[in-house]
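Close look at the chain arrangement
The primary structure of each chain is shown beneath.
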Amino acid sequence: MVDLKRLEVQARDGPSDPNALAKWRILNRLHDRNETMYYKVLINNIEEYAPIVYTPTVGLVCQNYSGLFRRPRGMYFSAEDRGEMMSMVYNWPAEQVDMIVVTDGSRILGLGDLGVQGIGITIGKLDLYVAAAGINPQRVLPVMIDVGTNNKKLLEDPLYLGLQQHRLDGDDYLAVIDEFMEAVFTRWPNVIVQFEDFQSKWAFKLLQRYRTTYRMFNDDVQGTAGVAIAGLLGAVRAQGRPMIDFPKQKIVVAGAGSAGIGVLNAARKTMARMLGNNEVAFQSAKSQFWVVDAKGLITEGRENIDPDALPFARNLKEMDRQGLREGASLAEVVKQVKPDVLLGLSAVGGLFSNEVLEALKDSTSTRPAIFAMSNPTKNAECTPDEAFSILGDNIIFASGSPFSNVDLGNGNIGHCNQGNNMYLFPGIGLGTLLSGSRIVSDGMLQAAAERLAAYMSEEEVLKGIIFPSISRIRDITKEIAAAVIEEAVEEDLAEGYHEMDARELRKLSRDEIKEYVINNMWNPEYPTLVYRKD
Ligand SMILES: NC(=O)c1ccc[n+]([C@@H]2O[C@H](COP(=O)([O-])OP(=O)(O)OC[C@H]3O[C@@H](n4cnc5c(N)ncnc54)[C@H](O)[C@@H]3O)[C@@H](O)[C@H]2O)c1
Ligand SMILES: O=C(O)C[C@H](O)C(=O)O
Ligand SMILES: [Mg+2]
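Just so we're clear, the structure is a prediction, and the values are computed from it rather than from any experiment.

Turning to the coordination of the magnesium ion (ligand 3), a few remarks are in order. Distances from the magnesium ion (ligand 3) to its protein donors, Glu196 (OE), Asp197 (OD) and Asp220 (OD), fall at 2.1 Å. Assessed through its relative accessible area of 6%, Asp220 is described here as buried.

Written out as structure tokens, the structure reads:
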């Protein structure tokens, strides 16, 4: 801590990239030397150091990973290891692995293809699994699947640590991922595999391919969706309206990739459930969304439309009546729609320009909400300063990366919420593990999102606080894990964990489930090596 604090005194110009990287180096060395102390520091100072070991600094770390690399962490499976993975997994020294976070490095945060350097994000996510969910650090495994990279700079960089060839694609690519999945589930049948930062082209396909046979989920598609739903419901409550009014919200989404489409599908389903949970409700819910991607507003007139975006393509005639057309700009869409919510998952920093924010002034909502969810910090669609200064006090603001609250100068504070999937994935993983469910069902994910939404009190929500502070992350994760277990039991998926078999699990009350979760969380304490007789 003295080392870390000394850095702050010396950095006269406030937080800077080199300063954050220097802190990461200190923490990383501690991680290598003394795991228990590392996690003690992280857990006790999570608000301060999550932004170093996780978003946003982890993005910078990934961009520079080949140069920062000192000691290996995690496992690398490469395209050249085909046919060998089954024996490779037995080289990992830990008998038991509970959680794997795997990436192919193809879309790291909003930073694009970083090849094997993306291993940093899997390490950062697993740090949160230990710090927030109390997964034993001896039982986590960061994994990089190296199928090459299409990043020109890395292909030419002599220091690059991965395969310097173009990415595999098609069946060759699938064969590598299939082999990896078979290998890890053979050695550790109870492991949970979190897919992280795969380009959207593969994110959905792999999710569909594995989700009914393996214990896996995709954090960017499913974790983000849950966090966004919790935030959107919070925004409705912040307007002083009941959550059941959610299906009346007009929502403009910028970005139709793995995260954007994940959020859209989940939000549509949530609306449909509130409207009667039938096909008519499901169809009518889609008219609440306007989706803008790199080519502008997505309509049925779009050529070669991405099949995942198709359900949200707007009807051309209807758009004509609204004064919009295929490819309309975000500013035009906001002007015409006057939405309640503007949500960004575009990876384009500054996309919510002054023009877009000015247009949002005409929102028909009593309290418009802005979700600038892209990471890391430079990719945020706008900053809270920009949003509050243009739109005034009466908005709800959330961003994917952490920002400070804004002093509005009139004695009021503009609250900046962090809308990041970190509030869900640790609890989804822990709950799945402790329930013993063989899959991660939609119901379990929905239960997690609803519990997060309910976590905030009425008073907090009315103040514009729709996500909790990260300092409460261990308590939040306990709640989420308990909700996931309850739902797994309800759906008859829970097969139990260790001595808590399925029958015992079914007997537990809500409070007992929470106690069960707490009792299974690892704490950073040195194990007793010498037992005294007294
Ligand atoms: N806050 C969170 O918890 C969270 C979770 C997941 C992803 N993210 C962030 O979301 C971003 C996107 O992730 P992804 O996996 O969906 O990426 P992606 O590459 O799959 O999708 C990006 C989408 O943005 C669109 N886009 C590009 N330029 C645009 C523009 N000018 N206007 C509107 N749309 C534009 C693209 O067409 C594409 O549809 C990343 O920055 C990522 O860090 C945040
Ligand atoms: O990693 C994060 O901070 C959130 C999310 O998974 C992302 O890809 O941006
Ligand atoms: Mg991610």
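Attention now moves to the site of ligand 2. Looking at ligand 2, there are 13 residues lining it, with Thr55, Lys125, Asn375, Asn420 and Asn421 nearest. Tyr54 places a polar side-chain atom, nitrogen or oxygen, 3.3 Å from an oxygen atom of ligand 2. Between ligand 2 and the protein, one listed contact pairs an oxygen atom with a side-chain N or O atom of Lys125 at 2.9 Å. Summarising the interface, the protein chains cover 92% of the accessible area of ligand 2, which totals 260 Å² for the free molecule. Those elements that provide at least two residues to the shell around ligand 2 are helix H8 (119-133) and helix H12 (219-238). Of the residues that constitute the shell around ligand 2, the class distribution is three nonpolar, four polar and six charged. Taken domain by domain, the shell around ligand 2 gets at least three of its residues from each of domain 1 (2-198) and domain 2 (223-421).

This part takes up the UniProt feature "binding site: (S)-malate" (unreviewed entry) in the protein chain. Using the residue numbers shown here, the UniProt feature "binding site: (S)-malate" (unreviewed entry) corresponds to Arg107, Asn375 and Asn420. Assignment of secondary structure puts Arg107 in the loop between strand S2 (99-103) and H8. Once residues lying within four places of it in the same chain are set aside, the contact partners of Arg107 are Gly112, Asp197, Phe198, Gln199, Asp220 and Ser258. By the secondary structure assignment, Asn375 is in the loop between strand S10 (369-372) and helix H18 (384-391).

Looking at the secondary structure, you find Asp219 in helix H12. Residue classification places Asp219 among the buried positions, given a relative accessible area of 0%. At 2.9 Å, the side chain of Asp219 and the side chain of Lys125 are in polar contact. Setting aside residues up to four positions removed in sequence, Asp219 forms contacts with Lys125, Gln194, Phe195, Glu196, Thr224, Asn421 and Phe425.

Attention shifts here to the UniProt feature "domain: Malic enzyme N-terminal" (unreviewed entry) in the protein chain. Those places that UniProt annotates as "domain: Malic enzyme N-terminal" (unreviewed entry) correspond, in this numbering, to residues 31-211. As annotated, residues 31-211 has a helix share of 48% and a strand share of 11%, and its two end C-alpha atoms lie 32 Å apart.

Attention now goes to H8. Across its 15 residues, H8 extends 20 Å between first and last C-alpha, which sits within 8% of the 21 Å expected from 1.5 Å per residue. Of all 15 residues that make up H8, 15 are buried, and the element is covered over most of its length. Of the residues trailing H8, Gly134 is marked for its positive phi of about 65°.

A word on the packing of helix H2 (residues 17-33) against helix H4 (residues 46-53). Two numbers describe a pair of packed helices, the interaxial angle and the distance between the axes. Between H2 and H4, the shortest axis-to-axis distance is 9 Å and the interhelical angle comes to 100°. When the axis of H2 is compared with that of H4, the two are roughly perpendicular. Touching Ala20, Lys23, Trp24 and Leu27 of H2 are Tyr49, Ile52 and Val53, all from H4. Grouping the constituent residues of the contact of H2 with H4 by class yields six nonpolar, no polar and one charged.

Before going further, it helps to spend a moment on the pattern of salt bridges. Think of it this way: side chains of opposite charge can pair up when their charged atoms draw near. Under the criterion given, the structure shown has 32 salt bridges. For Glu358, the salt bridge goes to Lys361, with nearest N and O atoms at 3.0 Å. The partly exposed category is assigned to Glu358, whose relative accessible area is 39%. Residue Lys361 is classed as partly exposed on the basis of its relative accessible area, which comes to 45%. A salt bridge links Lys478 to Glu479, with the nearest nitrogen and oxygen atoms 3.7 Å apart.

This next bit is on the domain arrangement of the protein chain. Looking at the protein chain, the domain boundaries give domain 1 (2-198), domain 2 (223-421) and domain 3 (425-519). Put simply, the middle of domain 1 and the middle of domain 3, counted by C-alpha atoms, are 26 Å apart. Contacts between the two partners involve 21 residues from domain 1 and, on the opposite side, 15 residues from domain 3. Both faces combined, the contact of domain 1 with domain 3 buries some 1400 Å², and carbon together with sulfur accounts for 69% of it. The interface formed by domain 1 and domain 3 contains zero salt bridges. Inspection of the region where domain 1 meets domain 3 yields five residue pairs in polar contact (both at pLDDT 80 or more). Put simply, the parts of the chain that give the side of domain 1 that touches domain 3 at least two residues each are H4, H8 and strand S4 (192-195). With seven residues, H8 is the largest single contributor of residues to the side of domain 1 that touches domain 3. Per-class residue counts for the side of domain 1 that touches domain 3 are 14 nonpolar, three polar and four charged.

Below, the discussion takes up the site of ligand 1. Ligand 1 sits among 27 residues. The nearest are Arg107, Ala256, Ser258, Ala259 and Asn421. Here an oxygen atom of ligand 1 sits 3.4 Å away from a polar atom, N or O, in the main chain of Ser346. Those elements giving two or more residues to the shell around ligand 1 turn out to be H12, helix H13 (258-274) and strand S7 (289-293). If one sorts the elements of the shell around ligand 1 by residue count, H13 sits on top with three residues. Of the residues belonging to the shell around ligand 1, the class tally is 10 nonpolar, 14 polar and three charged.

Conventions adopted
Residues numbered from 1 in each chain as written. Chains lettered and ligands numbered in written order. Predicted model: local features only at pLDDT ≥ 70, side-chain atom pairs only at ≥ 80, totals over all residues. Heavy atoms only, no water. Donors = N, O, S within 2.8 Å, 3.2 Å for Na, K, Ca; no water. Buried < 20%, exposed > 50% of the residue type's maximum accessible area, 1.4 Å probe, protein only. Near = heavy atom within 4 Å. Polar contact = N/O pair within 3.5 Å; in protein donor to acceptor, adjacent residues only side chain to side chain. Areas by Shrake-Rupley, 256 points an atom, 1.4 Å probe, with all protein chains shown as cover. Helix = DSSP H or I, 4+ residues; strand = E, 2+ residues; numbered from the N terminus. Nonpolar A, V, L, I, M, F, W, Y, C, P; charged D, E, K, R; others polar. Domains from an automatic or database assignment. UniProt positions renumbered as here; feature names shortened; annotations may be inferred. Contact = heavy atoms within 4.5 Å. Expected span 1.5 Å × (residues − 1). Axes fitted to C-alpha atoms, helices over the stretch in contact; angles between N-to-C directions. Parallel < 35°, antiparallel > 145°, perpendicular 65-115°, else oblique. Salt bridge = Lys/Arg side-chain N within 4 Å of Asp/Glu carboxyl O. Buried area = accessible area lost by both parts, 1.4 Å probe.

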